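Secondary and tertiary structure notes
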Amino acid sequence: MIHVGQKDLLPLAEYFQKNIKKEAREIFVSIAKDLNIPQPIGVPILYSKKELQNKQILLMGISIKQNYVDSDDLVLPMLIRLYRETLAKCLSRLFFEFLRVYTHLNATAQRLNFHQELTPLMNEIDKSLAQESTKFDFLLMVTPLNAHEAWLQFKKDKYWKTPKFLYRPLHVDPDLVKRRLYNLRIEDIYDPTMAYIFRDKRTELDNMVSMIADRGKDDFLHGSLQVFGNVSEKLYKSAMAILMVTEPEEPIKKADDYISANEFAKMARDEVKFFTEAKC
């Protein structure tokens, strides 16, 4: 609930409400037009109406219903994270809008009092994520060792049988990697932007490790979609267009169509002689 006791604050309150709704539809927010200056219950008033007028102070109140606490007084971590990150982003925009509309200051030149440096916890998590990502070469681990042989067998089976691929042995334990990833205390990071970046990277590494563990299984495809996404409609249509205009693969030549090594060497010498004479 956004509490407003001054008419001049209404546009700013509406801007704040709009941003919260845009950022998180799960959070219901409304504006209460109070007759008195908003203040927390049981806390002395900060400023009287006269002081607010004389000092040109705008005072807005925010009250939050504890929907992130269940009936057993247990905090719901995902919901409280949503509240915290939404308020952090929307308050930042609110402060910027206040500077832009209600003051003569250049809003773009102002520096709000945010963390300018990484905290020790952020450095620790960043280092840990970097270490985990270097413990395995993802492309190497998911690249088959017998790609050529599998393709030949696939053609021999007239493209009906799924080829069997051979992979390099695993030198990491997926379960241990996941355990280390989710032991990182990302939930303790207050900065919502950094917390989002770290969670996103952790999820990516988690899915990559799952893909490595699922090599040769049907679940590998689902893991790939989670990491890299699906093929866009535009790319799919482009690929189909290329297939339509590309000529079919040439049939395998018969034995009498091959040339000997001596004939090939003569053709090569003639080709080199042609380029040498052309250069001169």
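Before reading further, recall that the structure is shown in the block above.
Just so you know, the residues in each chain are numbered from 1, in the order the chain's sequence is written. Confidence filtering applies because this is a predicted model: local features only for residues at pLDDT of at least 70, side-chain atom pairs given and counted only at 80 or more, and all residues used for totals across whole chains, interfaces and linings. Where side-chain values are given, they derive from all heavy atoms of the structure, hydrogens and water being excluded.

**Thoughts on the packing of helix α7 (residues 174–182) against helix α8 (residues 192–213)**
What counts, and what does not: Each axis is a line fitted through C-alpha atoms, and for a helix only the stretch in contact is used; angles between axes span 0 to 180 degrees, taken between their N-to-C directions. Only DSSP runs of H or I covering at least 4 residues are called helices, and only runs of E covering at least 2 are called strands; the numbering of each starts at the N terminus. If an angle is under 35 degrees, it is roughly parallel; if it is over 145, roughly antiparallel; if it lies from 65 to 115, roughly perpendicular; otherwise it is oblique. Whether two residues touch is decided by their heavy atoms; if any such pair falls within 4.5 Å, the residues are in contact. Residue polarity follows a fixed list, in which Ala, Val, Leu, Ile, Met, Phe, Trp, Tyr, Cys and Pro are nonpolar, Asp, Glu, Lys and Arg are charged, and the others, Gly among them, are polar.
Two elements in contact, α7 and α8, have axes separated by 10 Å at closest approach and are oriented at 170°. Relative to α8, the element α7 is oriented roughly antiparallel. The segment α7 lies against α8, with Pro174, Val177, Lys178, Leu181 and Tyr182 engaging Arg202, Leu205, Asp206, Val209, Ser210 and Ala213. In the contact of α7 with α8, the residues fall into 7 nonpolar, 1 polar and 3 charged.

**Quick look at the layout of surface pockets**
Just so we agree on the cut-off: Within this scheme a cavity is a closed region of a 1 Å grid, computed over the protein atoms alone, that accommodates a 1.4 Å probe without allowing it to escape, whereas a pocket is open but has protein on both sides within 12 Å along at least five of seven lines; lining residues each have an atom within 4 Å of a point. Grid points are joined across faces, edges and corners, and a volume is the space filled by probe spheres set on the points.
Within this model, the second largest pocket holds a volume of roughly 280 Å³. The wall of the second largest pocket is formed by 16 residues, among which Met1, Ile27, Phe28, Ser63 and Ile64 lie closest to the centre. Per-element accounting of the lining of the second largest pocket gives the leading share, 3 residues, to helix α3 (residues 77–102). Here the lining of the second largest pocket is built from residues that sort into 11 nonpolar, 4 polar and 1 charged.

**A few points about the sheet that holds strand β3 (residues 60–62)**
Short version of the rule: One requirement defines pairing of two strands: DSSP has to find at least two bridges between them.
The strand order across the open sheet formed by 3 strands is β2-β1-β3, and the pairing between neighbours is mixed. This sheet does not close on itself; its edge strands, each paired only once, are β2 (31–33) and β3. The average angle at which neighbouring strand axes cross in this sheet is 25°, direction not considered. Two strands pair when backbone bridges link them, and strand β1 (residues 2–4) and β2 are joined in this way by 3 bridges, in the parallel orientation. Residue Val4 lies in a different strand from β2, and its bridge partner there is Lys33.

**Considering the side chain of Asn207**
Its location among the elements puts Asn207 in helix α8. Discounting chain neighbours no more than four positions away, the residues touching Asn207 are Gln226 and Val227.

**So, the packing of α3 against α8**
Packing of α3 against α8 leaves a shortest axis separation of 9 Å and a crossing angle of 130°. Taken together, the axis directions place α3 and α8 in an arrangement best described as oblique. Of the residues in α8, those in contact with Arg81, Glu85 and Ala88 of α3 are Pro192, Ala195 and Arg199. Its residues assigned to classes, the contact of α3 with α8 comprises 3 nonpolar, no polar and 3 charged.

**Topic: the nonpolar core**
Defined as follows: Here the nonpolar core consists of buried residues drawn from Ala, Val, Leu, Ile, Met, Phe, Trp, Tyr and Cys, with membership extended through side-chain atoms lying within 4.5 Å. Type-normalised accessible area, obtained with a 1.4 Å probe on protein chains alone, sets the label of each residue: buried when under 20%, exposed when over 50%, and partly exposed for intermediate values.
Among the nonpolar cores identified, the biggest contains 22 residues, and Ile125, Leu129, Phe136, Phe138, Ile189 and Phe198 are the most heavily contacted of them. Put simply, the parts of the chain that give this core at least two residues each are α4 (120–133), α5 (138–142), α7 and α8. With 8 residues, the single largest contributor to this core is α8. Residues within four places of Phe136 in sequence aside, it is in contact with His171, Val172, Leu205, Met208, Val209 and Ile212. By size, the runner-up hydrophobic cluster in this structure holds 14 residues, among which are Ile2, Ala13, Ile20 and Val29.

**Details of the environment of Pro169**
Looking at where Pro169 falls in the secondary structure, it is placed in the loop between α6 (147–156) and α7. For Pro169, a relative accessible area of 66% puts it in the exposed group. Measuring from C-alpha to C-alpha, the distance between Pro169 and Ile2 comes to 58 Å, with 167 residues separating the pair along the chain.

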